[in-house]
Amino acid sequence: MVDPDDHEEAALEFASQMGGEYIESLDKTDLAAFTAKEWATLVECIVTGYQDKLGELTNDHARD
């Protein structure tokens, strides 16, 4: 992402937190040790977190 705006930066931070929480729930940090399902779930957490937060921020901004 080139030159993210404030909403994108906030969405990235939120997605990072979601991914981090998921990793903590697995109690392992070596990505090479993840099963295919664990990896897919991590990606889903990050992508969904980013999209949801960006949508939320965009909708909040549109109401202002």
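These figures come from a predicted structure and were not determined experimentally. (Residues numbered from 1 in each chain as written. Predicted model: local features only at pLDDT ≥ 70, side-chain atom pairs only at ≥ 80, totals over all residues. Heavy atoms only, no water.)

> Go over the pattern of salt bridges, please, and point to the residues and values.
Counted by the stated rule, this structure contains two salt bridges. Ionic pairing is found between Lys28 and Glu38, a salt bridge with its closest N-O pair at 2.9 Å. Placement of Lys28 in the loop between α1 (6-26) and α2 (36-63) and of Glu38 in helix α2 is noted, with a sequence separation of ten residues between them. With a relative accessible area of 15%, Glu38 lands in the buried category. (Salt bridge = Lys/Arg side-chain N within 4 Å of Asp/Glu carboxyl O. Helix = DSSP H or I, 4+ residues; strand = E, 2+ residues; numbered from the N terminus. Buried < 20%, exposed > 50% of the residue type's maximum accessible area, 1.4 Å probe, protein only.)

> How would you sum up the packing of aromatic side chains? Please name residues and give values.
Aromatic ring pairs are reported here in terms of the distance separating the ring centres and the angle at which the planes meet. Taken as a whole and judged by the stated rule, the model has zero aromatic pairs. The ring of Phe14 carries Lys53 above its face, with NZ or CZ at 5.3 Å from the centroid. (Phe/Tyr/Trp six-rings, centres within 6.5 Å; stacked < 30°, edge-to-face > 60°. Lys NZ or Arg CZ within 6 Å of the ring centre and 35° of its normal.)

> I'd love a proper account of α1, names of residues and values included.
With 21 residues, α1 extends 31 Å from end C-alpha to end C-alpha; this agrees with the ideal 30 Å at 1.5 Å per step. What α1 keeps buried is the set Ala11, Ala15, Gly19 and Tyr22. Viewed along the axis of α1, the buried residues span an arc of 70 degrees, placing them on a single side of the element. Turned more than 90 degrees off the buried face of α1, the exposed positions are Asp6, Glu13, Ser16 and Glu24. (Expected span 1.5 Å × (residues − 1). Arc of directions from axis to C-beta.)

> Explain unusual backbone geometry to me, and be specific about the residues and the numbers.
One non-glycine residue with positive phi stands out, namely Asp3, at about 50 degrees. With respect to the element layout, Asp3 can be found in the segment before α1. A positive phi is found at Asp27, a non-glycine position, where the angle reads about 60 degrees. Along the polypeptide, Asp27 turns up in the loop between α1 and α2. Judged by relative accessible area, Asp27 falls into the exposed class, the value being 71%.

> Just give me the short version of a nonpolar patch on the surface, but keep the residues and values in it.
Where nonpolar side chains cluster on the molecular surface, the patch consists of Leu31, Trp39, Val43 and Val47 and spans about 340 Å² of accessible area. Positionally, Val43 belongs in helix α2. The class of Val43 is partly exposed, set by a relative accessible area of 36%. (Patch = residues over 30% accessible without salt bridge, like charges linked within 9 Å, V, L, I, M, F, W, Y side chains within 5 Å. Areas by Shrake-Rupley, 256 points an atom, 1.4 Å probe, with all protein chains shown as cover.)

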